[in-house]
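Below are the chains, spelled out letter by letter.
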Amino acid sequence: MVTAQTPTNIAVIKYWGKRDETLILPVNDSISVTLDPAHLCTTTTVAVSPSFDQDRMWLNGKEISLSGGRYQNCLREIRARACDVQDEEKGIKIAKKDWEKLHVHVASYNNFPTAAGLASSAAGFACLVFALAKLMNAKEDNSELSAIARQGSGSACRSLFGGFVKWNMGKAEDGSDSLAVQLVDEKHWDELVIIIAVVSSRQKETSSTTGMRDSVETSLLLEHRAKEVVPKRTKQMEEAIKNRDFGSFAQLACADSNQFHAVCLDTCPPIFYMNDTSHRQDNQLC
């Protein structure tokens, strides 16, 4: 049994749109800040036993299906990288070849609203992959694990690091170079404070997966954003973070957020992720 805890992350240069739905390969790079796990995180416990007859998972105390492709992709990728596990004190010995036959039980809990726009799937899949890797003694580093977490939820790849993280979109068709790297650690800008105001804990009316697919298919603004705007903005954001330039950082983050919502409105049918309260707060900030 292994328990892990992974924080959520908030993108300051947004990921929106996939060029490959199965591998979850984005149409542009993105940058995020990882939040303090003491306040917003997922805690996941994974266990293995020869008495388990199937893989099972519980999220916030309610059993959910693991039959979906995203869960299966993560399980398959980690099992393929599993190594021998031996603990003489506990009398545990599992050979690499045995992992294909053994089933796991997963219990995951979010200490913040799920599917309400706070990247619960990012923290959830990052925690699942990290915990499974520890359980099965996989030797990959966090960047390599991020390429697996990405196949569960794109933003999950960024939650395997603290501080500021960049998700490189990559160029390879197999997604091997689409992974996360840490730009700076959590101590680089430790006077920066992130305030999360939850104006609604209701589940989003349009899932990110559906919204992105519709935007890729119908929004001309998304195409312009990915090709022209984000590459320049990403470099500017990296400089702002490196120099701890809050003025530039805030301006870039607000501009990117506004453009993201503009892409949503440019989508057919339009997508609305902001409510009246968030509109009022956004107007005050910008």
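As a reminder, the structure under discussion sits directly above these lines.
The shown structure was predicted, so the numbers you read here are calculated from the model rather than taken from an experiment.

Visitor: What should I look at first to understand the packing of helix 2 (residues 120–135) against helix 3 (residues 142–149) in this one?
Guide: A packed helix pair is summarised by two numbers, namely the angle formed by the two axes and the spacing between the axes. The geometry of helix 2 relative to helix 3 is characterised by a closest axis approach of 9 Å and an angle of 125 degrees between their N-to-C directions. Viewed along their axes, helix 2 and helix 3 adopt a mutual orientation that is oblique. The handedness of the crossing between helix 2 and helix 3 is right-handed. Taken together, the residues of helix 3 that come into contact with helix 2 (itself represented by Phe125, Ala126, Val129, Phe130 and Ala133) are Asn142, Leu145, Ile148 and Ala149. Of the residues belonging to the contact of helix 2 with helix 3, the class tally is 8 nonpolar, 1 polar and no charged.

Visitor: Help me understand the packing of aromatic side chains in this model?
Guide: For any pair of aromatic rings, the description rests on two quantities: the centre-to-centre distance and the angle between the ring planes. Enumeration according to the criterion identifies 9 aromatic pairs in this entry. Pairing Trp16 with Phe260 gives two aromatic rings, centres 5.0 Å apart and planes at 75 degrees, and the pair type is edge-to-face. Taken together, the positions of Trp16 in the loop between strand 2 (9–13) and strand 3 (18–20) and Phe260 in helix 6 (residues 246–265) put the pair 244 residues apart, joining distant regions of the chain. What makes Phe260 buried here is its relative accessible area of 12%.

Visitor: It is not clear to me how the packing of helix 5 (residues 220–242) against helix 6 should be interpreted in this structure. Could you clarify?
Guide: Put simply, helix 5 and helix 6 touch, their axes get as near as 10 Å, and they point 165 degrees apart. Classed by the angle they form, the pair helix 5 and helix 6 counts as roughly antiparallel. Judged by the twist between their axes, the crossing of helix 5 over helix 6 is left-handed. Counted together, Leu221, Leu222, Arg225, Val229, Arg233, Gln236, Met237, Ala240 and Ile241 of helix 5 and Ser248, Phe249, Leu252, Ala253, Ala255, Asp256, Gln259, Ala262 and Val263 of helix 6 form the full contact between these two elements.

Conventions used here
- Going along each chain's sequence as written, the residues are numbered from 1 onward.
- The model is predicted, so local features are restricted to residues of pLDDT at least 70 and side-chain atom pairs to those at 80 or more, both for listing and for counting; the totals for chains, interfaces and linings are taken over all residues.
- Excluded from the side-chain calculation are hydrogens and water; included are all heavy atoms of the structure.
- Axis definition: a line fitted to C-alpha atoms, over the contacting stretch in the case of helices. Angles run 0 to 180 degrees between N-to-C directions.
- Only DSSP runs of H or I with at least four residues qualify as helices, and only runs of E with at least two residues qualify as strands; both kinds are numbered from the N terminus onward.
- Here the angle decides the label: under 35 degrees means roughly parallel, over 145 means roughly antiparallel, 65 to 115 means roughly perpendicular, and every other value means oblique.
- With the far helix as reference, a near helix turned anticlockwise by less than a right angle produces a left-handed crossing, and one turned clockwise produces a right-handed crossing.
- Residue contacts follow a heavy-atom distance rule, with two residues in contact if any of their heavy atoms lie within 4.5 Å.
- By the convention adopted, Pro, Cys, Tyr, Trp, Phe, Met, Ile, Leu, Val and Ala count as nonpolar, Lys, Arg, Asp and Glu as charged, and the other residues, Gly among them, as polar.
- Under the pairing criterion, centres of Phe, Tyr and Trp rings, with the six-membered ring standing for Trp, must be within 6.5 Å; the plane angle then separates stacked pairs below 30 degrees from edge-to-face pairs above 60, leaving the rest tilted.
- Whether a residue is buried, partly exposed or exposed follows from its accessible area with a 1.4 Å probe, protein chains only, as a fraction of its type maximum: under 20%, in between, or over 50%, in that order.

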